Amino acid sequence: MATASRETPTPTPTPVTSRRASPSDPSSVVPDESSSALPLPLSWPFVEGSMVRIAMENFLTYDTYEVSPGPHLNMIIGANGTVNSSILCAICLGLAGKLAFMGPEDEVGFFVKKGCSKGMIEIELFTTSGNLVITREIDVAKNQSFWFINKKSTTQKVVEEQVAALNIQVSNLCQLLPQDKIEEFAELSKVELLGATEKSTGPPEMQRYDCELKNFREKEKQQETSCKEKPEYEYEEVKLTHDQMKDEVRKLKEGQISMKRRIEELETQHRNLEAQIKVKIEEIQQALTIKQREEHDLQRRINYVRKVIEDLQNELKNTEDSVNLQPEIDAITDDLRRVHNEKDLCEFEIIDKNKESVTLEKEKKSVNNQIIQLGDLKHHKEEKLRLRYRDTYDALLWLRNNRDKFKEGVYEPIMLTITMKDDKNAKYIENHIPSNDLRSFVFESEDDIEVFLKEVRDNKKLRVNAVIAPKISYADRAPSRSLNELKPYGFFSYMRELFDAPAPVMNYLCSQYHLHEVPVGTERTREMIERVIQETELRLLYTAQEKYVVKTCFYSHKFVTTNTALKVAEFLTFTVDLEEQRRLDGHLKEVNRKLKALESGLITLRETDKLLEHKMNELRQKKKELFQRKNKRRQLEQRISYKLECLKQMEEYTCDLEEEERKARAKIKEVEAQKNKIFNELTNLMDICTSLYVEKLDLMIRNTAVISEKHILESEYMDISAQLCFTEVLS
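What you are looking at is a predicted structure, and each value in this text was computed from that prediction instead of being measured. (Residues numbered from 1 in each chain as written. Predicted model: local features only at pLDDT ≥ 70, side-chain atom pairs only at ≥ 80, totals over all residues. Heavy atoms only, no water.)

Turning our attention to the pattern of salt bridges. Counted according to the given criterion, the structure contains 23 salt bridges. Put simply, E412 and R403 hold a salt bridge, and the shortest N to O gap is 3.7 Å. One connected set of salt bridges, linked through shared partners, spans R53, E66, E122, E124 and K151. (Salt bridge = Lys/Arg side-chain N within 4 Å of Asp/Glu carboxyl O.)

This is the structure in structure tokens:
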């Protein structure tokens with residue numbers, strides 16, 4: 001089977017003038033025949049049945065052509081006779097439309113390009129379950145079509161069913177309007193136009209509802225005309241029955257009033273008693289729970305005190321009489337005093353080093369402030385970049401915040417990395433290097449530049465430039481002529497020596513613009529320019545105010561010289577004192593080294609201080625233990641005596657839990673009996689009320705039926721009376 005191609009179409013007529021909307025525009029326009037169709041993003045809001053692609057091969061005047069419509073309004077723009085309607089014919093035939101709908105042609109082979117034996121139409125429809133690709137191959141010799149769905153052979157009937165399932169109606173003039181059918185569309189009546197619109201835009205059941213509504217209206221008219229007279233006495237009989245029912249309902253309502261009042265009183269009393277009973281039971285249970293908890297806590301404390309007394313008595317038995325511990329206590333006191341003195345000396349040394357650290361920190365802050373002041377010169381260049389090239393500035397900010405995403409070196413725009421040795425020479429650099437390269441980012445890796453461009457160009461839509469530095473070093477290459485040879489002509493330097501830049505940036509500039517081969521001269525050079533050109537054979541050179549480019553004429557082999565006045569420098573006039581910056585960086589490193597050494601000494605002193613503190617605590621603990629051993633027996637006897645007294649008091653407060661539980665159950669039982677009595681009385685009254693409600697409901701149902709019949713008879717009576725009056729007036 002033939003497949004659609006995305007090559008440039010070669011139609012016979014004049015190409016259709018068309019354009020595609022920008023990605024920010026939600027609408028789309030069919031691309032012209034000389035441009036390739038761009039695929040739309042998958043996130044665009046195509047609806048079920050939308051055409052996302054139309055391909056033609058050997059169709060009418062086209063060899064191969066493909067269109068990718070957008071999800072909204074699509075327009076084909078062109079003058080009459082520029083085959084605008086060919087795409088419309090392809091849509092109709094590709095979706096199983098009838099030949100008669102497109103014009104007088106009765107053979108499908110008519111639509112194949114002259115001189116070709118076969119033609120093809122392929123239409124891709126959007127569906128949420130996966131796009132549907134319908135292909136129609138046309139054989140001229142057999143005047144026959146072959147159908148395919150998603151590259152699988154099928155029949156025209158299956159294609160028509162698939163198209164109808166997507167609510168695509170090729171024969172509906174409200175969906176597809178060929179040029180030959182415009183007159184027929186204009187002659188449609190309002191009813192026919194409404195029906196066609198309902199089929200085109202509404203769900204399938206809309207037209208069915210419309211037909212049913214018309215049928216119901218016809219039946220209503222028939223029923224209105226078929227109304228017959230009914231005897232007046234039927235109305236009187238129903239009215240009498242209705243009045244009797246009303247009297248019975250009124251009597252039942254009056255009998256219920258006293259019963260309702262009594263029930264309401266009992267319900268109120270029941271709710272109040274229910275709340276009181278609930279509160280009373282909760283109070284009884286809560287009081288019992290508190291008693292149980294207090295008794296359990298008391299028993300637990302009694303057991304604990306008994307265990308403590310037992311342990312203290314055992315410890316008292318094992319405690320020996322006090323011995324003379326004073327010499328040992330005095331020795332520990334002397335050690336404690338010595339360690340305390342050592343700790344004081346260590347703390348004084350820590351204080352001195354902290355003061356020295358504060359002084360160094362102030363010095364570090366001062367150096368940092370000087371470095372920041374030097375950095376302000378670079379800030380001026382960044383501000384110029386922001387005002388002139390905002391996209392490049394935004395990309396610079398993104399780069400500074402995301403440097404961790406890159407594997408190798410990435411350099412900011414060249415105009416920021418260049419540092420002029422003399423401001424007056426900035427004009428040579430800016431006139432020699434185009435502004436597009438001056439604001440370019442320089443990368444050392446192709447992977448890094450792809451990551452950068454994908455983020456800033458594709459995602460952020462920023463217009464920025466990026467280049468890759470060559471692997472070979474061009475910055476270190478010597479010029480073809482020594483500067484000493486050129487000095488007699490007024491040249492004072494090659495352009496490479498006028499500024500400093502990182503090695504990759506300098507390599508790129510030298511490889512692209514041969515800065516190591518371009519000499520820079522003075523006013524003297526300009527005065528002897530003809531001699532300079534003839535004797536030095538230089539092809540590119542600069543004087544004080546002009547740029548000279550020398551070329552050789554192809555025919556006469558003579559020199560052709562072009563000179564251009566130099567523009568004033570804009571971006572590179574701010575420079576940084578590199579010597580001062582290097583001096584400050586060295587000073588800052590020295591201060592940081594001293595701070596690091598000082599911090600290391602402080603750490604050692606603090607560790608020593610901690611060891612002395614730990615040793616003092618150990619000596620204090622030993623001294624405390626000696627004092628405790630000295631007074632331990634007396635303290636144990638006092639504690640045992642106190643615990644025995646507490647145990648005696650706790651045993652006096654114990655209570656009988658079983659007796660308390662029995663009393664609580666008796667109170668709850670008494671309250672429950674009172675509750676049951678009230679509930680039984682309320683239940684009896686509710687039963688009586690229920691029977692009355694049932695009887696009332698039966699009467700109300702009968703009354704409702706009588707009222708309904710009465711209303712019907714009244715309506716019929718009024719209609720018949722009106723007809724009689726009308727008849728009498730006519731007669």
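Right, let's get into the state of the cysteines. Cysteine pairs can be covalently joined through their sulfur atoms, and such a bond is termed a disulfide. The tally for this structure, following the rule as stated, stands at zero disulfides. With no disulfide of its own, C92 has C89 as its nearest cysteine by sulfur position, at a separation of 7.4 Å. (Disulfide = S-S within 2.5 Å.)

Another aspect to go through is unusual backbone geometry. The phi dihedral of N58 is positive, around 55°, even though this residue is not glycine. Note on placement: N58 falls in strand β1 (residues 51–59). For N58, a relative accessible area of 19% gives the class buried. One non-glycine residue, N150, lies in positive phi territory at about 55°. (Helix = DSSP H or I, 4+ residues; strand = E, 2+ residues; numbered from the N terminus. Buried < 20%, exposed > 50% of the residue type's maximum accessible area, 1.4 Å probe, protein only.)

Here we come to a nonpolar patch on the surface. On the surface, L73, M75 and I77 cluster together into a nonpolar patch covering about 280 Å² of accessible area. If you trace the backbone, L73 turns up in the loop between β2 (62–67) and α1 (85–94). (Patch = residues over 30% accessible without salt bridge, like charges linked within 9 Å, V, L, I, M, F, W, Y side chains within 5 Å. Areas by Shrake-Rupley, 256 points an atom, 1.4 Å probe, with all protein chains shown as cover.)

This paragraph deals with the confidence of the model for the protein chain. It should be kept in mind that the predicted coordinates are not to be read in detail where pLDDT is low. Averaged over all residues, the pLDDT of the protein chain equals 77, while 80% of them reach at least 70. Low pLDDT (under 50) marks residues 1–43, which in the prediction has 102 contacts with non-local residues, meaning those over four places away or in another chain. Here residues 227–231 scores under 50 on pLDDT; set against residues more than four positions off or in separate chains, the count is five contacts. (pLDDT = per-residue confidence, 0-100. Contact = heavy atoms within 4.5 Å.)

Moving on to helix α15 (residues 503–513). Counting buried residues along α15, nine of its 11 residues qualify, which places the element largely inside the surrounding structure. P504, V505, M506, N507, Y508, L509, C510, S511 and Y513 are the residues of α15 that are buried. Directly after α15, the chain includes H514, whose backbone phi takes a positive value near 50°.

Ranked by internal contacts, the top residues of the largest apolar core, which has 48 residues, are I418, I429, F452, M495, F499 and L509. Among the elements of the structure, α9 (390–401), α10 (414–417), α11 (426–432), β9 (440–443), α13 (446–459), β10 (465–468) and α15 are those that each provide at least two residues to this core. Discounting chain neighbours no more than four positions away, the residues touching M495 are Y428, I429, H432, L515, V518, V520 and Y542. (Core = buried A, V, L, I, M, F, W, Y, C linked by side-chain atoms within 4.5 Å.)

Turning our attention to the pairing of β2. Most of β2 sits inside the fold, with five of its six residues counted as buried. Where β1 and β2 come together, five bridges link them in antiparallel fashion. Considered in β2, the bridge of M56 is made with Y65. Between β1 and β2, which pair antiparallel and follow one another directly, the connecting turn spans two residues, one of which, L60, has a positive phi of 50°. (Pairing = 2+ DSSP bridges.)

A grouping of E408, E446, D447 and E450 is seen on the molecular surface, where their side chains present a negatively charged patch. Assignment of secondary structure puts E408 in the loop between α9 and β7 (410–411). For E408, a relative accessible area of 42% corresponds to the partly exposed category. (Lys, Arg positive; Asp, Glu negative; His and termini not counted. Charge placed at Lys NZ, Arg CZ, Asp CG, Glu CD.)

Here the focus is the packing of aromatic side chains. Under the counting rule described, the total for this entry stands at 10 aromatic pairs. Between F441 and F452, the aromatic rings sit 4.9 Å apart at their centres with planes inclined by 50°, giving tilted as the arrangement. On the criterion of sequence distance, the pair formed by F441 in strand β9 and F452 in helix α13 is long-range, its members being 11 residues apart. Judged by its relative accessible area of 0%, F452 is buried. Put simply, the rings of W398, F406, F441, F443 and F452 pair up and form one aromatic cluster. (Phe/Tyr/Trp six-rings, centres within 6.5 Å; stacked < 30°, edge-to-face > 60°.)

Strand-to-strand pairing in sheets goes through backbone hydrogen bonds, with the strands running parallel or antiparallel. Read from one edge to the other, the open sheet built from three strands follows the order β7-β9-β10, with strand pairing classed as mixed. On the outer flanks of this sheet lie β7 and β10, each paired with one strand and no other.

What follows deals with the sheet that holds strand β5 (residues 144–149). Read from one edge to the other, the open sheet built from six strands follows the order β2-β1-β3-β4-β5-β6, with strand pairing classed as antiparallel. Strands with a single pairing partner mark the edges of an open sheet, and in this sheet they are β2 and β6 (152–154). Each strand axis lies, on average, 15° off the axis of its neighbour in the sheet, ignoring direction. Running over the sheet, α1 touches β1, β2, β3 (118–125), β4 (132–139) and β5 and is turned about 105° from β1. (Axes fitted to C-alpha atoms, helices over the stretch in contact; angles between N-to-C directions.)

Mapped onto the elements of the fold, R403 is located in the loop between α9 and β7. Beyond its immediate stretch of four places on either side in the chain, R403 contacts V410 and E412.

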